[in-house]
Every structure is written in structure tokens, then in C-alpha cells.
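Inside the fold
Next come the chains, spelled out residue by residue.
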Amino acid sequence: VTKSGVTVTATVTGQDPTFEKVTDAQGKAVIPITFNGASAGIRTIAYKASNVINLTAEIKLPLLTSVVKTVLTVPTDKNTTSGLFPLTAPTSNSTGAWTYTGSPATFATVDARTGSVTPTEVAGTTTITATQAETQKYKSVTSTANLDIALTSTVVNQLLAYPFNYDTTSGSFLPSQEPASDSTGIWTYTSDKPTIATVDGSSGRVTPKGVAGTVKITATLPATTKYARISTSKDLVIYYQAPVYQGGKNIDSAPFDLLTRPASKSTIPWKYTSLNTDIATVDATTGKVTLKKVVGAVTIRATQLPTVSSEGAFEKIESEVTVVIAGLPVVVSPAWVLLNTYTDSSPYTPTAPMSNSIGAWTSTSLNTDIASVNSPTGRITPLVVGTVTIRATQAATLRHVQKVITADLRIYKTYQVGEAGPGGGTVFYVAPTPQTWGRYLEAAPTDFQETIPGVPCFNLPAQYQSYCWASPEARASIQSAKVSFGVGYVPCTTTDAIGTGKANTDKILVCPDEYGFERPASRANKYFTSTAGAGQWFLPSKDELNEWSKYARQNTQSRTALEPGSGFVADKYWSSSVQSQGQDWRGNIQGRAGYQDLSNGSLGTDTGSDNAYVRPVRAF
């Protein structure tokens, strides 16, 4: 400008601020200019000096070179079955987008946008190239890395196996189990000692060559484009004859010898050792086994040391045979029976089964929705009506095997006196606790119906009227004092107690009836309802009839008047209880049938000449 003190300004197109400088004594002004913005290209600079000069100049700004800060990184542990995996992207001082390529694509493909890699299941090396696009400020840049896709290690899913107990006299044999893997290669087989046994390379069939010893059979799977090579092997001991012991031994078995002794061409004696001396010992020379009275399995090893003879060189042979020593069988006696119970019954602990073992019993409910069981104690808690199976297990001991038995327990609905029973009758007696015969007694809804009630005694001759009841004792033979049923002689006796009416009825039914009329017991037995068939009903015993009489009066005392509308007739009803009163005029034992008169509740007996009603009852 040639003048000092002149202010010179410079402006750059497209950016602020204005750059200023005052000229020095020589009239010069040096103005530093900083170019803002990311784009390259031509910029125009305008210079002005007040009242002195105006001019413009152009300057071209070039693209900058990108600097890669971190290079493209690929993993080193990938193989043909790795599946999709990401790369570690490179970074630079540019903001350009990265894209990816891979070559060759034979071994892996690359997603151009994300850089994710997918192996093609063929092993090899692919070069991955990452390219960053050019921006307005920076040039394009690349980063490369070599990705190695290795063969996948082959896993043997099924091992090679051969059958046991082969000897030099055996014919050739195939594997009992061929090896298997995920690879599609073909297995081949080799023998490390073909003088002992050869093997077919394709099938694995082994052929003993007549020499005892140990041979290793190796199965090899070659590498494929996807999987690596792998081998698996099996050692086979070829005997001339393996030792054999007879099975079926238990802890009480006497000492026993070999059933078949081991043998080979070698003349070296065999020696025997027990590998489980707590179970049994063995005589080292003879192989005789002596048991220790303990359940288990004992393995006996027969060993023949190596030798060289005119027959050839013999390797050491070890042959093992295992004998299972069983416990004694458990005998449960008597049979385990569970007493039926009811939904309102308290939990109870049944008597544990009895057996010849001392093992502890535990119990389990197989129907936990019906009843639960405390396993150690066996305590049963009824839950709902139904049948539950209880499984009892007696633990094995040193002498006895484990024993498992089951028993069914029926859980019945709880009834009250006066309720309708399941057979269609009316409940008239409830036992305080479940009994062997049940817990409840129900009376049929009606008497046994007939034109003439009771036994039709009027049809009999007058001299036979005293036998109308058909007492079983009255049919006894003079010669034997027992009643013939066609298959021997069984006494026909009856009792009075509650719970014996069914047994009384059954006994009376099989007593011969020489007069041909139908007894009250038969009438009761033939009775049926829609829910309880014939054979379930019976003639009540004396005490059962008395409980029924109490119910009919709605009173705990039997000798009261019959309640009106009770559904019973104010007359005599037969029971199945019989009393003996000595011999009649024919020499036969004469019986008297028990009855109860519902008109006044009185109990009595009769020879059977009277007519009486029959009201069947049923126990459940």
C-alpha cells in the first residue's frame, strides 16, 4: 500500500469473519487467513485498503489425505460352521462411509454395508477389503485383512465298538457299533497288529489270525472341505478261550468253580485275582470263588504272562469276567391289606408289610389327589372319595434285594344314620371305626315282597312245621353231625354279632334243604335294587336286626313302640342267627331261628313254624 497505518481487510467468500491488519512502516500488511468448512475447491479472497486499493484473488484448496487410525481386524478362531459373525471396522479422521468386499468368495461372503461375514462351509483364506468413501474434505482410503476359515473339528458322536468274548477260533465279526460323526466322509479301518487280527478297510470286519493278544483297530475319517480328519480306536483282546462263570448266584451260594477255564496256545499257567475282595475272594490257582455274603458284583481277572515258545511269541493276556451276586428274594407274608377308610376319617398309619427282610419300608401314594402319604412313616391322609393305590418299597439290604408292593385303599363317602345309602336303602348303623366288613349297614327300602309274607310254612306237612325256618343245625346228619355240601363236610354255624349277617346268610344258603322250600336267607340274597345287585343283600344277624329295630323306633332302646310312618310292619322279622336246642324226635339237631318283633321291640327265637317278614340289609 506504501503507506503506513492503513487498515487492510480481507474477506473470503462464504465465511465470516473479516480478517484485518494495519500496514507497517514499509506500507505492508501480512494477513493470516484460516479457511473454514469441510469442502475443497476454489475460494475468492477480496482485499481492501481504505481509499488506497481494492483487489481480489483466487486460491484452490485440495482434498486432504485420510489417515487410518485403526485398521480392519478379523477374528482368528472361525471355521466352516461358525455361522454369521461381525468384523472390527477400521477408523480414520474422515467421516466417509465404509463398504466391504471379500475375495475370493469361495470361503466366505461379506455384507457390503455391515461387513458381517458368512463362511461358505469350505475352508480357506478370503481377503477382506474395507473402503472409505471420498468426502468434500478427505480422499478415499482402504484397509485390508486376510480372514482364515479353518476346518471344523470333527466330533465322534458314536464310538467304535465290537462284541465281547471273541477268541482265536472265532470267525470274522463286524463292529457291534460303527463310529459316527457330523462329517460326510467315509470311515476306513486299520489294524496295528495284523498278525493277531486283520480288519477289512471298508466294513471294519475283524478276522482273528489264530494268535492270542491285543490288537488296536482304528477307524479314520478323512478331512473334507468342511470337517477335519479324526480317528477313534478300540482295543480287542483275542483269546483262545475266555473264562466263564455260571450266573444266578446269591449271597448264600456255596463256593463255585469256573464253568469254562481260559485257554491259549501258551503253556504259562493262568493266575486269578478278585478285583472286589469285599464281595468275594478267588483261589489264585484254581479260580474257585468264595463269597463274602454281601450283595454286589465281583470281577475276576485271569492273567497269563507273556512267553516265547516253539508255538511263537505270546503277549500278556488279561481276561476279566464279572459275576453278579444277588440278594435273597423278599417274601411278603401275609399279603399287605389296607383297611378301607372314609373322607371324615383322621389320618392313620397302617401296619407296615411283613417280610423276611429287615430293610426299611417307605410308602408313596400313586393318586395324590385322592390321598396323601407321609413317605417315612406311611401315615395316610384321606382327601376325597375314590380308590388310591399305595406303593410300599422295602429298601435293599446286604442280604436282600429291594421289594416293591402295592395295595389299594378305598376311601368312601361318610354317611349318617337316616341318610340314603348307595344301595338305595336307609343307613341304620354306623360303626365307630372302619371294620373288616365295612362301616355302614343299610336296610332295603322294602321288605321282600310276596303274596304271603315270610316263609310259607302252611304248605308243609304238620309233622314238619317245626322245621319251617330251615335251621342249618336241623339238617345235620345223625351219622356225622355235619352237613354234606357234596365236597366234604363243613359245619353250618351262625353268630349274633354285628358284621356277621352276610357270613351267616352265606352259610345257610349252602346247607341242604330237604323240604324244598325257599329260606328267608335265600330271599334276602336274591333281593336287588338299581344300584346294588342280588348277592350284596343278606339276612341281618341278631345284633344287626336289633340296631335296625332301634332305628325303626328312632330310639336307642329296642323295646319301644314302632314309630308311625317308619316304613316297617309292626310284626316279626327274621334274623340269620340260630340257636341250637338239642335233638328233635328224628335225632337231628334242632335249631331255633332268631327274630325281633317290631310291634314291641322284643327279641325271640322260633323253630321256624311262624311266619315272619324278611327285610334284607347290606354292608358297605
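Here goes a summary of the coordinates provided. (Residues numbered from 1 in each chain as written. Predicted model: local features only at pLDDT ≥ 70, side-chain atom pairs only at ≥ 80, totals over all residues. Heavy atoms only, no water.)

Focus: the sheet that holds strand E7 (residues 98–103)
- If you walk across this open sheet you meet the three strands as E7-E10-E11, and the pairing is antiparallel. Of all the strands in the sheet, the pair left with one neighbour each is E7 and strand E11 (141–149). The mean inter-strand angle of the sheet, taken between neighbouring strand axes irrespective of direction, is 20°.
- For strand E10 (residues 124–132) and E11, the ladder comprises nine bridges, and the chain directions are antiparallel. The residue of E11 that forms the bridge with Ala130 is Ser143. (Pairing = 2+ DSSP bridges. Helix = DSSP H or I, 4+ residues; strand = E, 2+ residues; numbered from the N terminus. Axes fitted to C-alpha atoms, helices over the stretch in contact; angles between N-to-C directions.)

Here we look at the side chain of Thr529
- With respect to the helices and strands, Thr529 occurs in the loop between helix H2 (520–526) and helix H3 (542–553).
- In terms of polar contacts, Thr529 uses its side chain to reach the backbone carbonyl oxygen of Gly423, at 2.6 Å. (Polar contact = N/O pair within 3.5 Å; in protein donor to acceptor, adjacent residues only side chain to side chain.)

What to know about the nonpolar core
- Tyr245, Tyr272, Val289, Val298, Ile300 and Ile325 are the most contacted members of the largest nonpolar core, which totals 22 residues.
- Counting only elements with at least two residues in this core, the list comes to strand E21 (280–282), strand E22 (289–291), strand E23 (296–304) and strand E26 (317–326).
- In terms of residues, this core owes the most to one element, E26, which gives four residues.
- Once residues within four sequence positions are removed from consideration, Tyr272 is found in contact with Leu258, Arg261, Pro262, Val282, Asp283, Ala284, Thr285, Thr286, Gly287, Ile300, Arg301 and Ala302.
- Residues Tyr162, Phe173, Val206 and Ile238 belong to the second largest nonpolar core, which totals 16 residues. (Core = buried A, V, L, I, M, F, W, Y, C linked by side-chain atoms within 4.5 Å. Buried < 20%, exposed > 50% of the residue type's maximum accessible area, 1.4 Å probe, protein only. Contact = heavy atoms within 4.5 Å.)

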